[in-house]
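Overview (structure and organization)
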Amino acid sequence: MEQIITAIGAKYNYIMYVILMMIGLYAMIVKSNLVKKIIGMSIFQTSIILFYVSTAYKTGKTIPIVPYPAHEAVRAADYINPLPHVLMLTAIVVSVATLGVALALAMKVYRQYGTLEEDDINENLRSEEGK
Amino acid sequence: MVQHLPALLVVVPLLTALSVSAFSWLSPRLCLPLTFGCIGFALASSIGILMEVIANGPMVYTMGGWGVTIGSEPIGIVYVIDYLSAPILVVVTAVALLNLVASSKQIDRDFSDKKGTFYTLYILFVTGLMGIVATGDAFNLYVLLEIAALTGYALIGLGQPRAPLSSLNYLFIGTIGASFYLLGVGYLYIATGSLNMADLARFIAMPEHSSSTIVMFAFIICMTGLFIKMGLFPLHGWLPNAYSHASPASSALLAPLTTKVMIYAMIRVCLFVFTPAYVFGTLKISNAIVWISVAAIVVGSLMALTQKSLFKMLTYIVIAEVGYMVGGFFLGNRMGITGSTLHIINDAAMTLCLFLAAGAITYRTKSDSFSELKGIFKRMPYTMTAFTVGALAVIGIPPTCGFFSKWYLIIGGINAGHYGFVAALIFSSLVNAVLFFRIFEIAYFQSPGDSKDHHHHGHHRRKDKMVEAPLSMLVPLMIVALSLIALGIYTGDIVTHVIQAAIPGGIS
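The paragraphs below set out a description of the structure included in this document. (Residues numbered from 1 in each chain as written. Chains lettered and ligands numbered in written order. Predicted model: local features only at pLDDT ≥ 70, side-chain atom pairs only at ≥ 80, totals over all residues. Heavy atoms only, no water.)

Right, let's get into the packing of helix 9 (residues 213–230) of chain B against helix 14 (residues 310–330) of chain B. All names here are of chain B. As a packed pair, helix 9 and helix 14 sit with axes 11 Å apart at the nearest point and diverge in direction by 150°. What the angle tells us is that helix 9 and helix 14 run roughly antiparallel. Here helix 9 and helix 14 pass one another in a crossing that is right-handed. In this structure, helix 9 uses Met223, Phe227 and Met230 to contact helix 14, whose residues at the interface are Val322, Val326 and Phe330. Broken down by class, the residue content of the contact of helix 9 with helix 14 amounts to 6 nonpolar, no polar and no charged. (Axes fitted to C-alpha atoms, helices over the stretch in contact; angles between N-to-C directions. Helix = DSSP H or I, 4+ residues; strand = E, 2+ residues; numbered from the N terminus. Parallel < 35°, antiparallel > 145°, perpendicular 65-115°, else oblique. Left-handed = near helix turned anticlockwise from the far one by under 90°. Contact = heavy atoms within 4.5 Å. Nonpolar A, V, L, I, M, F, W, Y, C, P; charged D, E, K, R; others polar.)

And the structure:
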């Protein structure tokens, strides 16, 4: 039991990102409102950003800003890894762009059907096909 | 000059896309020539790169000169163009150029006020795909994947009234796929500390990494992401609606390229990141994936049989073809992988041919349901001839290219002892024959007045008159149809000079 607790304590970041990811996935699958689905998608993407950033952390180490000229030899082990943060800047841009495209498409859907509820839209489509 | 082409291939279209959207405010008429010039440049440089690769071996381009290695780790992004990526680059750019010419009339008609937007998205989409093919960096692949995907969603969303909803559903599923891939890359980075593909392959070949569960999890989640993106059978739900509700101008670009480039990405990640020894040896999952693709082939073919409109039917054929390529690759032997790689090229050409012909038909008839196809042979003889060539290629009749890649796939299946896959291929060919001969029957033997009242003779005669598609559509269509036969005739050369060199030596 104690081992499990220490394991969870040491790796809680992974558990948190999986929980967030599942919340996002749940919203995308279960919710019928398109905007709620888009919010779910955003949570899903953010969970992966958190995962990346959390992997960069090293206990007790500092931010990777080195004074110039350096007073002593720079050792990479003394600093947290900056690369995941940089990668995630790109991923944030991608997720913002995805959000933008998704909201634009949702607006087009709303203009056409007058609703964002998927059930209503499907009913609308079915009655259109019935005609 | 030649050594800088891999970078220019992506940079030039990226900047042209910007200028096209700026020019659309000043003079919309300039958009088409600019787009044409840009994609023409991309095609010319892809051919140049292919020649260079065949003559002097793979090219490695280090972005900004950041290739200096500290210890053993390359820093910065590299573009690697080898025997596998060079032919795919030519295919991507050639398909984009032919479709641009063929669809220009359609674009004028459907998007007269949004031409600038359409052409900008068109160039960006092609840029994304070229980047996916050229890149040698696992994270860069994700970014380019999303560039291609986001522009793809927008291109689909511009289509029919129902398109935005289909596109939004595609966006949800596509985002999950890309995010899974990103997550897999994250785990690879944790395990190895590198993002460069060649470097990753070196790490994974080491025993401590090839036995690690982190790497295995990374493989599974990367593959799941790519399978979602390519629409492999249980994950194909987004594909039919997205492609059939899009405007024919966009679907003739998206359908031949998106799935094929995703399969290329899968082959790249399997062979050059995870290494063949790991994928086919250490992991015991290739057999299961072949069975999944057998299911994809069977279900895709059967679903195609139940459709009542041309574009819907073609999208289900695309799903079955994805099964061909994934299954052939995971057979894990040289013949299967050769067939799978060859089929990427052939299937892009076949799908383009069928979608262009279907686009030309809908351009004239305004509908793609089978009932509109009655007597279409008399009205559009040239379009239907090209359609017939495309259909014969999909069925796999000898002089066309479809036969040869199927032949390699079947030999691969027999060599691997996987008779379920062989049976699925033959079954699918038979179903395709039924599918297309049903269309030929409607198009050739049924006259348009059949079910309608017969006393409107004037009306009847008007429907029999030839209303062929415009020349700008016919010429590219004919080029594609001829290329299907040319690809078939030159299969031997393509396989010996390019594809055999593309497959790593360890695979027997």
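That was the structure; now back to the text.
Once that is clear, we can look at the packing of aromatic side chains. Summed over the entire model, instances satisfying the criterion amount to 27 aromatic pairs over all chains. Between Tyr187 of chain B and Phe217 of chain B, the ring centres sit 4.9 Å apart and the planes meet at 80°, which makes this aromatic pair edge-to-face. Within this pair, whereas Tyr187 of chain B is found in helix 6 (residues 163–192), its partner Phe217 of chain B is found in helix 9, the two being separated by 30 residues in sequence. Relative accessible area serves as the criterion here: at 13%, Tyr187 of chain B is assigned to the buried category. What makes Phe217 of chain B partly exposed here is its relative accessible area of 34%. A connected cluster of aromatic rings, assembled from ring pairs, spans Tyr14, Tyr17, Phe51 and Tyr52 of chain A together with Tyr187 and Phe217 of chain B. In this structure, Arg202 of chain B packs its charged tip against the face of Phe203 of chain B, placed 5.8 Å from the ring centre. (Phe/Tyr/Trp six-rings, centres within 6.5 Å; stacked < 30°, edge-to-face > 60°. Buried < 20%, exposed > 50% of the residue type's maximum accessible area, 1.4 Å probe, protein only. Lys NZ or Arg CZ within 6 Å of the ring centre and 35° of its normal.)

Residue and element names in this part refer to chain B. When you line up the elements, Lys406 lands in helix 18 (residues 401–415). Although Lys406 is buried, it makes no salt bridge; Glu321 carries the closest opposite charge, 5.6 Å away. There is a polar contact of 3.0 Å between the side chain of Lys406 and the backbone oxygen of Ile395. Residue contacts for Lys406: discarding those within four places in its chain leaves Tyr324, Val394, Ile395, Gly396, Leu425, Ser429 and Asn432. (Lys, Arg positive; Asp, Glu negative; His and termini not counted. Salt bridge = Lys/Arg side-chain N within 4 Å of Asp/Glu carboxyl O. Polar contact = N/O pair within 3.5 Å; in protein donor to acceptor, adjacent residues only side chain to side chain.)

Next up on the list: the packing of helix 5 (residues 138–157) of chain B against helix 11 (residues 248–272) of chain B. All names here are of chain B. The geometry of helix 5 relative to helix 11 is characterised by a closest axis approach of 11 Å and an angle of 160° between their N-to-C directions. With respect to each other, helix 5 and helix 11 are oriented roughly antiparallel. For helix 5 against helix 11, the interelement crossing comes out left-handed. Note on element contacts: helix 11 touches helix 5 through Ser250, Leu253, Leu254, Met262 and Val269, opposite Leu141, Leu145, Gly152, Leu155 and Ile156. In terms of residue class, the contact of helix 5 with helix 11 is made up of 8 nonpolar, 2 polar and no charged.

This part covers the pairing of strand 1 (residues 59–62) of chain B. Regular strands show a simple pattern: their side chains alternate between the two faces of the sheet. Residues and elements named next belong to chain B. Judged by which residues are buried, strand 1 turns out to be one-sided: Met59 and Tyr61 face inward and are buried, whereas Val60 and Thr62, on the alternate face, are not. By the bridge criterion, 4 bridges tie strand 1 to strand 4 (residues 78–81) in an arrangement that is antiparallel. Residue pairing in the sheet places Val60 in a bridge with Val80 of strand 4. (Pairing = 2+ DSSP bridges.)

Moving on to the interface of chain A and chain B. Taken together, the contact between chain A and chain B spans 37 residues of the former and 29 residues of the latter. With both sides pooled, the region where chain A packs onto chain B buries about 2900 Å², and carbon together with sulfur makes up 77% of that total. The interface formed by chain A and chain B holds 0 salt bridges in total. Run the count over chain A and chain B and you get 6 residue pairs in polar contact (both at pLDDT 80 or more). When its residues are assigned to classes, the side of chain A that touches chain B shows 27 nonpolar, 6 polar and 4 charged. (Buried area = accessible area lost by both parts, 1.4 Å probe.)

A few words on the state of the cysteines. All names here are of chain B. Within the structure shown, the criterion is met by 0 disulfides over all chains. Of all cysteine sulfurs in the structure, the one in Cys270 sits closest to Cys222, which takes part in no disulfide; the separation is 9.3 Å. The cysteine Cys353 is free of any disulfide, with Cys401 supplying the nearest cysteine sulfur at 9.3 Å. (Disulfide = S-S within 2.5 Å.)

The values reported here are purely geometric and, on their own, carry no functional implication.
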